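# An overview of the molecular structure
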Amino acid sequence: QAKNEGRNRYSFFEPQMNRALQMKRMVEEDLRNAIASDQLLLHFQPQVSIDGASIVGVEALVRWPHPEHGMIPPSEFISIAEERGLIVPLSEWVLRRACEQARQWPGIKLAVNVSPIQFRHKDFVASVIRVLEETGFDAERLELELTEGVVVEDADAAEAAMMDLRAHGVSLALDDFGTGYSSLIYLRRFAFDKIKIDRSFLEYMEATGESAILVHSVVHLGRALGLRVCAEGVETAEQHRFLQAIGCHELQGFLFSKGVPPEEIDRLLTLERPFEQALAA
Ligand code: C2E
Ligand code: MG
Ligand code: MG
Ligand code: MG
């Protein structure tokens, strides 16, 4: 009898649904605590010059090593943090830690992801400037990665915040370019410095000629607008050769390195040709 009840109770939920609910509850309970007690971690993924020879920047990617549930990827907790009002403290923690860390890597850029909810917060620009002051990190080396979601809701406010950031020397990249709806209009209206071509374009590039044409067009468009163009998700030497041939500026992807702990960036920066092996393949 009891056994049956138990089975019935759980069978009401799809396993996935059940997991999603569990995740939310757990995140709510644990995330604030994790932020406060420094349990989150940052990994950094190199951004590489188009010849593949040197590291020109690093993108900070947040990680949550949960004591019971193992390493939880950002795709599973960022949106929940947004829903539950935890994105502001989380993002401040990320920006501060990333600046403290990257201060030790002179001469390269630091890219930090910004969630739309965080960006829309009225104190967002002030909080970025405060973190820069408190950490002593050079604003000219900071690049914020925004997605189209940042500008869709209140374009005027977004535009004002972006101008303000740029006036302080911070640069702006449009992340996941090509996955939204109105990218071309945004590129004309908003003051981006860089576009990052979403990795889904590269994923299908070998299979279909059309994807290669799209990537080529985006690179051409970006260059014509005076923007830098970074390709995300570069996994093969063939993709690298293609991107180099069409005039892309920067590369990011597993061909070079995944997101790694700061000690590994320390090590890569001591090497003269950090990706020699990848390029030889
Ligand atoms: P994103 O900003 O587009 O970051 C790139 C994601 O693609 C990272 O996943 C990275 O590990 C993955 N990636 C990079 N190169 C390759 C490749 O060659 N192949 C494949 N298959 N994947 C590659 P990750 O770390 O899981 O992050 C996922 C997303 O979570 C990020 O996408 C970003 O939108 C968000 N995110 C990460 N950290 C933060 C953060 O601190 N704040 C906010 N608001 N969002 C963050
Ligand atoms: Mg990003
Ligand atoms: Mg991206
Ligand atoms: Mg992406």
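Reading the values: the criteria
- Residues numbered from 1 in each chain as written.
- Chains lettered and ligands numbered in written order.
- Predicted model: local features only at pLDDT ≥ 70, side-chain atom pairs only at ≥ 80, totals over all residues.
- Heavy atoms only, no water.
- Buried < 20%, exposed > 50% of the residue type's maximum accessible area, 1.4 Å probe, protein only.
- Helix = DSSP H or I, 4+ residues; strand = E, 2+ residues; numbered from the N terminus.
- Arc of directions from axis to C-beta.
- Contact = heavy atoms within 4.5 Å.
- Donors = N, O, S within 2.8 Å, 3.2 Å for Na, K, Ca; no water.
- Near = heavy atom within 4 Å.
- Polar contact = N/O pair within 3.5 Å; in protein donor to acceptor, adjacent residues only side chain to side chain.
- Areas by Shrake-Rupley, 256 points an atom, 1.4 Å probe, with all protein chains shown as cover.
- Nonpolar A, V, L, I, M, F, W, Y, C, P; charged D, E, K, R; others polar.
- Phe/Tyr/Trp six-rings, centres within 6.5 Å; stacked < 30°, edge-to-face > 60°.
- Disulfide = S-S within 2.5 Å.

### Observations concerning helix 12 (residues 237–245)
- Among all positions in helix 12, only Ala237, Gln239, His240 and Leu243 are buried. Buried residues of helix 12, seen end-on, are gathered within an arc of 155° and therefore sit on one face of the element. Exposed side chains of helix 12 directed beyond 90 degrees from the buried face belong to Arg241 and Ala245.
- Considering only its buried residues, helix 12 is in contact with helix 10 (199–203), helix 11 (209–224), strand 8 (228–231), strand 9 (250–251) and helix 14 (276–280).

### Brief notes about the coordination of the magnesium ion (ligand 2)
- Ligation of the magnesium ion (ligand 2) by protein atoms is provided by Glu59 (OE), Asn113 (OD1), Glu145 (OE) and Asp175 (OD), these donors lying 2.0 to 2.2 Å from the ion.
- Positions of the donor residues of the magnesium ion (ligand 2) along the chain correspond to the pattern E-x53-N-x31-E-x29-D.
- The magnesium ion (ligand 3) is placed at 3.9 Å from the magnesium ion (ligand 2), the two being bridged by Asp175. Residue Glu145 is located in strand 5 (residues 142–146), and its partner Asp175 is located in strand 6 (residues 171–177); the two are separated by 30 residues in the primary sequence. Assigned by exposure class, Glu145 and Asp175 land together as buried.

### A word on the site of ligand 1
- Close to ligand 1 lie 20 residues; Asn113, Asp175, Arg199, Glu235 and Phe254 are nearest.
- One of the side-chain nitrogen or oxygen atoms of Asp175 is found 2.9 Å away from an oxygen atom of ligand 1.
- Here an oxygen atom of ligand 1 sits 3.1 Å away from a polar atom, N or O, in the side chain of Glu232.
- In isolation ligand 1 exposes 800 Å². Once the protein is present, 81% of that is buried.
- Looking at the shell around ligand 1, the elements with two or more residues in it are strand 2 (55–66), helix 3 (74–83) and strand 6.
- Among the elements that make up the shell around ligand 1, the one with the highest residue count is strand 2 (four residues).
- Residues of the shell around ligand 1, tallied by class, amount to seven nonpolar, five polar and eight charged.

### Structural notes on the packing of aromatic side chains
- For the structure shown, the criterion picks out five aromatic pairs.
- Ring geometry for Phe119 against Phe124: centres 5.4 Å apart, planes inclined by 50°, an arrangement best described as tilted.
- The buried category is assigned to Phe119, whose relative accessible area is 5%.
- Of the residues examined, Phe124 reaches a relative accessible area of 4% and is grouped as buried.
- For the ring pair Phe256 and Phe275, a centre distance of 5.4 Å and an interplane angle of 75° mean the geometry is edge-to-face. With Phe256 in the loop between strand 9 and helix 13 (262–270) and Phe275 in the loop between helix 13 and helix 14, the pair connects residues that are 19 residues apart, well separated along the chain.
- Of the residues examined, Phe275 reaches a relative accessible area of 3% and is grouped as buried.

### What about the state of the cysteines?
- One pass over the full model with this rule turns up zero disulfides.
- For the unlinked cysteine Cys230, the closest cysteine sulfur is that of Cys248, found at 6.6 Å.
- Judged by relative accessible area, Cys230 falls into the buried class, the value being 0%.
- When its relative accessible area of 3% is taken as the criterion, Cys248 is described as buried.

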